[in-house]
Amino acid sequence: MKTTKIIATGILAMGLATANLQALDTNERLELLESAMIEQATTPAQKSAVSEYLANVAKEKVEMAQALRDRAGSTRGGKALSQMNEKKELLRRAEALEKEAKKYQTVSMDLHAASMQVAQN
């Protein structure tokens, strides 16, 4: 009986330990990966590559935000209240994407400036 409890407790503990890794959603994992890339970029070439990547991510987010805004502006029929709620949600998501894009663009420009400064020295 004791052996069974020990085994069950061990399995439960291992499950809980690995559950924390599973709890991170894709965006959080991506942010952690990007922050690691930024911190590890030391040479001008690495900083330039990371800067270019972040600029591309910012561009994609702006394009997605524009697509959401376009979708929010189109009429699809149906109940007026549900359309209004959907429009508000789409606009909220577009604003969030634009804020993220600004953050990416700022970090990209900072990295680019840092890579240029290191290259000049």
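What counts and how
Residues numbered from 1 in each chain as written. Predicted model: local features only at pLDDT ≥ 70, side-chain atom pairs only at ≥ 80, totals over all residues. Heavy atoms only, no water. Helix = DSSP H or I, 4+ residues; strand = E, 2+ residues; numbered from the N terminus. Expected span 1.5 Å × (residues − 1). Buried < 20%, exposed > 50% of the residue type's maximum accessible area, 1.4 Å probe, protein only. Salt bridge = Lys/Arg side-chain N within 4 Å of Asp/Glu carboxyl O. Contact = heavy atoms within 4.5 Å. Core = buried A, V, L, I, M, F, W, Y, C linked by side-chain atoms within 4.5 Å. UniProt positions renumbered as here; feature names shortened; annotations may be inferred. Axes fitted to C-alpha atoms, helices over the stretch in contact; angles between N-to-C directions. Parallel < 35°, antiparallel > 145°, perpendicular 65-115°, else oblique. Left-handed = near helix turned anticlockwise from the far one by under 90°. Nonpolar A, V, L, I, M, F, W, Y, C, P; charged D, E, K, R; others polar. Patch = residues over 30% accessible without salt bridge, like charges linked within 9 Å, V, L, I, M, F, W, Y side chains within 5 Å. Areas by Shrake-Rupley, 256 points an atom, 1.4 Å probe, with all protein chains shown as cover.

Taking 1.5 Å per residue as the helical rise, helix 3 (residues 44–73) with its 30 residues ought to reach 44 Å, and the 43 Å between its terminal C-alpha atoms agrees with that figure. Those residues of helix 3 not exposed but buried are Lys47, Val50, Ser51, Leu54, Val57, Ala58, Lys61, Ala65, Leu68 and Ala72.

Counted according to the given criterion, the structure contains four salt bridges. Arg69 is the partner of Glu98 in a salt bridge, and the nearest nitrogen-oxygen pair spans 2.9 Å. In this pair, Glu98 is assigned in helix 4 (residues 80–120) and Arg69 in helix 3, connecting sequence segments 29 residues apart. A residue is classified by how much of its surface remains accessible, and Glu98, at 28% relative accessible area, is partly exposed. Ionic pairing is found between Glu86 and Arg71, a salt bridge with its closest N-O pair at 3.5 Å. Remark: Arg71 occurs in helix 3 and Glu86 occurs in helix 4; sequence separation between them is 15 residues. On the accessibility criterion, Glu86 (27% relative accessible area) is partly exposed. Relative accessible area serves as the criterion here: at 42%, Arg71 is assigned to the partly exposed category.

Relative to the helices and strands, Ser108 resides in helix 4. Residue classification places Ser108 among the buried positions, given a relative accessible area of 3%. Excluding residues within four positions of it along the chain, Ser108 makes contact with Ser51, Leu54 and Ala55.

A separate point is the nonpolar core. Residues Ala41, Val50, Leu54, Val57, Ala58, Ala101, Tyr104 and Leu111 constitute the largest nonpolar core, which totals eight residues. Of all the secondary-structure elements, those providing two or more residues to this core are helix 3 and helix 4.

With numbering matched to this structure, UniProt assigns "coiled-coil region" (unreviewed entry) to residues 80–107. The span residues 80–107 shows a helical share of 100% and a strand share of 0%, and its end C-alpha atoms are spaced 41 Å apart.

Turning our attention to the packing of helix 2 (residues 26–40) against helix 3. Two packed helices can be described by the angle between their axes and the distance between those axes. As a packed pair, helix 2 and helix 3 sit with axes 9 Å apart at the nearest point and diverge in direction by 150°. Judged by the inter-axis angle, helix 2 sits roughly antiparallel to helix 3. Crossing hand, helix 2 versus helix 3: left-handed. Contact residues: Leu30, Glu34, Met37, Ile38 and Gln40 in helix 2; Gln46, Val50, Tyr53, Leu54 and Val57 in helix 3. Residue classes in the contact of helix 2 with helix 3 are distributed as seven nonpolar, two polar and one charged.

This part covers a nonpolar patch on the surface. Where nonpolar side chains cluster on the molecular surface, the patch consists of Leu30, Leu33 and Tyr53 and spans about 260 Å² of accessible area. Within the fold, Tyr53 resides in helix 3. Given the relative accessible area of 31%, Tyr53 is considered partly exposed.

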